[in-house]
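Residues per chain are reported as follows:
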Amino acid sequence: MKTFQHNGKWTEKATPTVVLLCACGNKYIKTRLEQTVCIRCIAKRAGR
């Protein structure tokens, strides 16, 4: 388990961070509900 400080106290992170692979080849951490692609691909779809 990963430990980190929160409000001056050491805390253990109970759930591991999962790194996913996007179709374009980039790795990303899922941060949004129903996210299936990396942030770069989300921006491309939005026309930025």
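Since we're looking at a predicted model, the values are computed, not measured. (Residues numbered from 1 in each chain as written. Predicted model: local features only at pLDDT ≥ 70, side-chain atom pairs only at ≥ 80, totals over all residues. Heavy atoms only, no water.)

Colleague: Is there a simple way to explain the overall build of the chain in this structure?
Modeller: Looking only at helices and strands, the chain has one helix and four strands in total. In the chain, the succession of α and β elements from N to C terminus is β-β-β-β-α. The buried share among the 48 residues of the chain stands at 12%. Relative to all contacts within the chain whose residues are 6 or more apart in sequence, the contacts with residues 24 or more apart total 0%. (Helix = DSSP H or I, 4+ residues; strand = E, 2+ residues; numbered from the N terminus. Buried < 20%, exposed > 50% of the residue type's maximum accessible area, 1.4 Å probe, protein only. Contact = heavy atoms within 4.5 Å.)

Colleague: Help me understand the environment of phenylalanine 4 in this model?
Modeller: Structurally, the position occupied by phenylalanine 4 is in strand S1 (residues 2–6). Discounting chain neighbours no more than four positions away, the residues touching phenylalanine 4 are Lys9, Trp10, Thr11, Glu12 and Lys13.

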